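So the chains spell out like this:
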Amino acid sequence: MRDYDALEEKVWLPYVMTFQAPGCKTPSFATDPHGFRVSWWNRHPLSWERYEEWGGPKGALVGSSTAFGVGASSDAHTLPSLLNRTGERMWFNFAGRAFNSTQELILFLLHLPSRVD
């Protein structure tokens, strides 16, 4: 929790307000170049670009702190990373810390991926 509590650097996103800083790396978590929490797919970190290029079935986890993975000991232990171990669907973490449901939906719509089932 120390790593999560220490995260003060944020960026401003239109309509959403604040979001995690891009490229953040701590012992417990990391964010990709867009500020999304890194998820793991087939033992590799999953970036937004890799998710967009994936031609197979996709899933999206939208939510707040729990979905983001606050309290998880590493990126590999977040909900999307655990879901990525269950089958061929690629799950991506669209969550943000301390969001309300409107912010969650706006963030997802601003980055609406193609072909989400």
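Before reading on, note that the structure itself is shown above.
All values reported here derive from a predicted model rather than from experimental measurement.

Thresholds, definitions, all that
Every chain begins its residue count from 1, and numbering advances along the sequence as written. The predicted origin of the model limits local features to residues at a pLDDT of at least 70 and limits the giving and counting of side-chain atom pairs to 80 or more, whereas totals for whole chains, interfaces and linings rest on all residues. Side-chain numbers come from the whole structure's heavy atoms, not from hydrogens or water. Helix and strand definitions here come from DSSP, where helices need a minimum of 4 consecutive H or I residues and strands a minimum of 2 consecutive E residues; each element is numbered from the N-terminal end. Only heavy atoms matter for contacts: two residues are in contact if any of them lie within 4.5 Å across the pair. Residue exposure (1.4 Å probe, protein chains only): buried if accessible area is under 20% of the type maximum, exposed if over 50%, otherwise partly exposed. Between Lys or Arg on one side and Asp or Glu on the other, a salt bridge is scored when a side-chain nitrogen of the former is within 4 Å of a carboxyl oxygen of the latter. Buried Ala, Val, Leu, Ile, Met, Phe, Trp, Tyr and Cys residues that are joined via side-chain atoms within 4.5 Å together make up what is termed a nonpolar core. Patch membership requires more than 30% relative accessible area and the absence of a salt bridge. Residues of like charge join within 9 Å; the nonpolar side chains Val, Leu, Ile, Met, Phe, Trp and Tyr join within 5 Å. Areas reported here follow the Shrake-Rupley algorithm with a probe of radius 1.4 Å; residue values treat only the protein chains shown as occluding. A pair of Phe, Tyr and Trp rings is counted when the ring centres sit within 6.5 Å of each other, with Trp represented by its six-membered ring. The angle between the planes then sorts it: under 30 degrees is stacked, over 60 is edge-to-face, the rest tilted.

Trainee: Would you explain the side chain of Asn 84 in this entry?
Mentor: Mapped onto the elements of the fold, Asn 84 is located in the loop between helix H4 (79-83) and strand S6 (90-93). Residues within four places of Asn 84 in sequence aside, it is in contact with Ser 39, Trp 40, Trp 41, Leu 46, Arg 89, Met 90 and Trp 91.

Trainee: Explanation requested: unusual backbone geometry in the structure shown.
Mentor: For residues other than glycine, phi is negative in most cases, and the peptide bonds are mostly trans. Of note in the backbone geometry, Asn 42 takes a positive phi value of approximately 50° without being a glycine. Positive phi is not limited to glycine here, since Arg 43 has a value of about 65°. In this fold, Arg 43 is placed in the loop between strand S3 (39-41) and strand S4 (44-46). The class of Arg 43 is exposed, set by a relative accessible area of 78%.

Trainee: Explanation requested: the pattern of salt bridges in the structure shown.
Mentor: Side chains that carry opposite charge are capable of pairing whenever their charged atoms lie near each other. All chains considered together, the criterion is met by two salt bridges. In this structure, the salt-bridge partner of Arg 37 is Asp 75, at a minimum N-O distance of 2.7 Å. Note that Arg 37 is positioned in the loop between strand S2 (17-20) and S3 and Asp 75 in the loop between helix H3 (65-68) and H4, a separation of 38 residues in sequence. The buried category is assigned to Arg 37, whose relative accessible area is 0%.

Trainee: What is the right way to look at the nonpolar core in this model?
Mentor: For soluble globular proteins, nonpolar side chains are generally found buried alongside one another. Formed by 14 residues in total, the largest nonpolar core has its most connected members in Phe 36, Tyr 51, Phe 92, Phe 94 and Leu 107. Listed by contribution, the elements that provide at least two residues to this core are helix H2 (48-53), S6 and helix H5 (101-110). Among the nonpolar cores identified, the runner-up in size contains six residues, and Cys 24, Leu 61, Phe 68 and Ala 95 belong to it.

Trainee: What should I look at first to understand a nonpolar patch on the surface in this one?
Mentor: There is a patch of nonpolar side chains on the surface, built from Leu 105, Leu 109 and Leu 112 and spanning about 300 Å² of accessible area. Tracing the backbone through its elements, the reader meets Leu 109 in helix H5.

Trainee: How should the environment of Thr 18 be read in this particular structure?
Mentor: By the secondary structure assignment, Thr 18 is in strand S2. Linking Thr 18 and Ala 98, residues 80 residues apart in sequence, is a C-alpha distance of 9.6 Å. Every residue in contact with Thr 18, bar those within four places of it in the chain, is listed here: Lys 10, Val 11, Trp 12 and Phe 99.

Trainee: Teacher, can you tell me more about the packing of aromatic side chains here?
Mentor: One pair of aromatic rings is described through two measures. These are the centre distance and the angle between the planes. All told, the structure shown has eleven aromatic pairs when counted by the stated rule. Consider the rings of Phe 36 and Phe 94, whose centres lie 5.4 Å apart with planes at 75°: the pair is edge-to-face. With a gap of 58 residues between them, Phe 36 in the loop between S2 and S3 and Phe 94 in the loop between S6 and H5 connect regions that are remote in the sequence. Phe 36 gets classed as buried once you look at its relative accessible area, which sits at 0%. Residue Phe 94 is classed as buried on the basis of its relative accessible area of 0%.

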